[in-house]
Amino acid sequence: MNRDDQNDIDNQIDYERDPLMLAARQLPQGIAPGRDLWPGIAAGIEEQREAPSRRGAGWNRLFAQAAAVLLLIGGSSGVTWLAMKQDAPAVATEPSAEVLKFQPVAGSFGSQYHLGAEFVEARNSLEARLDEELKRLSPETRAEVEANLNTIRAAIVEINLALANEPDNALLQQLLMNAYRDELAVMSRVDGMASSVMRRNDI
Amino acid sequence: MTMETASDESAWIERAQKSDSSAFESLYRLHVDRVYALCLRMTGNTAEAEDCTQEAFIQAWSKLDRFRGDSSFGTWMHRVAVNTVLGRMRKSNRERDRIHAVSDVAPPAESIGDSGGLRDLENAMNELPSGARHVFVLHAVYGYSHEETSDMLGIASGTSKAQLHRARRLLAQQLNLSL
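Nothing here was measured: the structure is a model prediction, and the numbers come from that model. (Residues numbered from 1 in each chain as written. Chains lettered and ligands numbered in written order. Predicted model: local features only at pLDDT ≥ 70, side-chain atom pairs only at ≥ 80, totals over all residues.)

1. Concerning the overall build of chain B
Move 1: When helices and strands are counted, chain B shows 9 helices and 0 strands.
Move 2: Shown N-terminal to C-terminal, the secondary structure of chain B runs as helices and strands in the order α-α-α-α-α-α-α-α-α.
Move 3: Counting the 179 residues in chain B, one finds 40% classified as buried.
Move 4: Relative to all contacts within chain B whose residues are 6 or more apart in sequence, the contacts with residues 24 or more apart total 55%. (Helix = DSSP H or I, 4+ residues; strand = E, 2+ residues; numbered from the N terminus. Buried ≥ 20, exposed ≤ 12 C-beta atoms within 10 Å, placed from the backbone. Contact = placed C-beta atoms within 7 Å.)

In structure tokens, the structure reads:
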């Protein structure tokens, strides 16, 4: 059927007298549904409203992961420092000049591994933002983050204590090194930092 | 729609665009019958029509910021509803089962001038192939032009006219009318 034929067809219809077209126009424009459909619509709307919140919560979780790893390092250092101070364990007590605030157990962590100034700077920057972010978290999320932090801190203490007993244990060294690597990777994702600050043996 | 209702509608739209769901509920109450009727006539199935109506209003809520008032809100809702119906049909193969030979449908009505005749017309429309049915519903029942109808359905205007011709022929045959 060509265009002319189609136009001819339409032109042939007398909309004012055609029984089918007249009947069609008499049909009710509205028909009430058999039930109230609003509750389902309201639920759908609510779901849409929550979706951005869920995305936000995902971001918060990501940030919380960064916070967890960050605090893992801080907690690890603090606890390690306390352990060293109280028990004078058989670990190296001479921190590397590059270790700075973290005071890692240089001997247990291996002489090849160091925390550099760039890392500390990045850590401090993230920590400042983390405090602000934690304040904005819902109580439930914050509790979850804090529970995770406690778990991670306990784990890092375990690693450090194990390293204190086995300072040359390559596996433990690698575990701690991996934790730092993970921390930098998460921080990079959270804060857009370049992961280039970490080199193989110098973070 | 009265002047007061139109004024109310504008206020509801404005409030709904600011995420006021109670205002959107008022819009729903005002337009649900027209949206549901369109969905019912396009799908021919009450359960599907209910689902389409709900989905259309949820879609409308998410797209409210795009409503600029170039057309009436009712027309805009119809467009959203048509898109919803077509989208759902594309996802479903059930539509294939709806295509029947005209000779298989109910016996012809005596007249379409009374309410019984209108019911027969509704039933006959429901038996049309989907392409012809959609065009007939939008053009003949709701009065949209071929341009508007073709735009809503994503078809050429000529196709809309051809489908109307087909729908009229099948309906006349079914209702024992001479055109």
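Now that the structure has been shown, the text picks up again.
2. Observations regarding the overall build of chain A
Move 1: Tallying secondary structure elements over chain A gives 7 helices and 0 strands in all.
Move 2: Along chain A, helices (α) and strands (β) appear in the sequence α-α-α-α-α-α-α when read from the amino end.
Move 3: In chain A, which comprises 203 residues, the share counted as buried stands at 28%.
Move 4: Taking all contacts inside chain A whose residues are at least 6 apart in sequence as the whole, residues at least 24 apart take part in 63%.

3. Description of the confidence of the model for chain A
One rule of thumb: low pLDDT means the predicted coordinates there are not for detailed reading.
Residue and element names in this part refer to chain A.
Move 1: Of the residues in chain A, 20% reach a pLDDT of 70 or more, and the chain-wide mean stands at 60.
Move 2: At the level of individual helices and strands, chain A shows its lowest average pLDDT in helix α4 (residues 106–109), which scores 44, and its highest in helix α2 (residues 19–26), which scores 91.
Move 3: Counted against residues more than four places away or in other chains, residues 55–108, with its pLDDT under 50, gives 101 contacts.
Move 4: A low-confidence stretch, residues 192–203 (pLDDT under 50), is modelled with 23 contacts involving residues beyond four sequence positions or located in other chains. (pLDDT = per-residue confidence, 0-100.)

4. Quick notes on the environment of Lys18 of chain B
All names here are of chain B.
Move 1: Mapped onto the elements, Lys18 comes out in the loop between α1 (3–17) and α2 (21–43).
Move 2: According to the C-beta neighbour criterion, Lys18 is exposed, with 9 such atoms within 10 Å.
Move 3: Between the C-alpha atom of Lys18 and that of Asp65, which follows or precedes it by 47 residues, the distance is 8.7 Å.

5. Comments concerning the interface of chain B and chain A
Move 1: Each side of the interface is counted separately: chain B has 35 residues, and chain A has 28 residues.
Move 2: For the side of chain B that touches chain A, the secondary structure elements donating two or more residues are α2, α3 (46–63), α6 (115–126), α7 (130–141) and α9 (157–175) of chain B.
Move 3: At 9 residues, the largest contribution of residues to the side of chain B that touches chain A is made by α2 of chain B.
Move 4: Each residue belonging to the side of chain B that touches chain A can be placed in one class, and the counts come to 19 nonpolar, 9 polar and 7 charged. (Nonpolar A, V, L, I, M, F, W, Y, C, P; charged D, E, K, R; others polar.)

6. A look at the packing of α2 of chain B against α7 of chain B
Residues and elements named next belong to chain B.
Move 1: Between α2 and α7, the least distance of the axes is 8 Å, while the angle of their chain directions is 145°. When the axes of α2 and α7 are compared, the crossing they make is right-handed. Between α2, through Leu38, Arg41 and Met42, and α7, the contact on the second element is made entirely by Arg133, His134, Val137 and Val141.
Move 2: Here the residues of the contact of α2 with α7 sort into 4 nonpolar, 1 polar and 2 charged. (Axes fitted to C-alpha atoms, helices over the stretch in contact; angles between N-to-C directions. Left-handed = near helix turned anticlockwise from the far one by under 90°.)

7. Some details on unusual backbone geometry
Residue and element names in this part refer to chain B.
Move 1: Not every positive phi belongs to a glycine, and Ser19 is a case in point at roughly 70°.
Move 2: Residue position: Ser19 is located in the loop between α1 and α2.
Move 3: Phi is positive for Asn176, close to 60°, though the residue is something other than glycine.
Move 4: Counting through the fold element by element, Asn176 comes out in the segment after α9.

8. Examining the packing of α2 of chain B against helix α4 (residues 73–91) of chain B
Residues and elements named next belong to chain B.
Move 1: Taken N-terminus to C-terminus, the directions of α2 and α4 make an angle of 40°; their axes are 10 Å apart at the nearest point. If you check the angle between α2 and α4, you find them oblique. Taken as a pair, α2 and α4 cross one another with a handedness that is right-handed. Between α2 and α4, the residues in contact are Leu27, His31, Arg34, Val35, Leu38, Cys39, Met42 and Thr43 and Phe73, Gly74, Met77, His78, Ala81 and Val85, respectively.
Move 2: The class makeup of the residues in the contact of α2 with α4 is 9 nonpolar, 4 polar and 1 charged. (Parallel < 35°, antiparallel > 145°, perpendicular 65-115°, else oblique.)

9. Digging into α7 of chain B
All names here are of chain B.
Move 1: Most of α7 is tucked away, with 10 of its 12 residues classed as buried.
Move 2: Within the span of α7, buried status applies to Ala132, Arg133, His134, Val135, Phe136, Val137, Leu138, His139, Ala140 and Val141.
Move 3: Gly143 lies just past α7 and shows a positive phi near 75°.

10. A few points about the environment of His31 of chain B
Residue and element names in this part refer to chain B.
Move 1: Checked against the element boundaries, His31 lands in helix α2.
Move 2: Separated by 47 residues in the primary sequence, His31 and His78 have C-alpha atoms spaced 9.5 Å apart.
Move 3: Those residues within four positions of His31 in sequence are excluded, and the remaining contacts are Gly74 and Met77.

11. Focus: the confidence of the model for chain B
All names here are of chain B.
Move 1: Chain-level pLDDT for chain B is 85 on average; 83% of the residues reach the 70-or-more range.
Move 2: Residue range residues 98–113 is modelled with pLDDT below 50. Its contacts to residues more than four positions away, or to other chains, number 26 contacts.
Move 3: Among the scores for the predicted complex, ipTM is 0.82 and pTM is 0.55.

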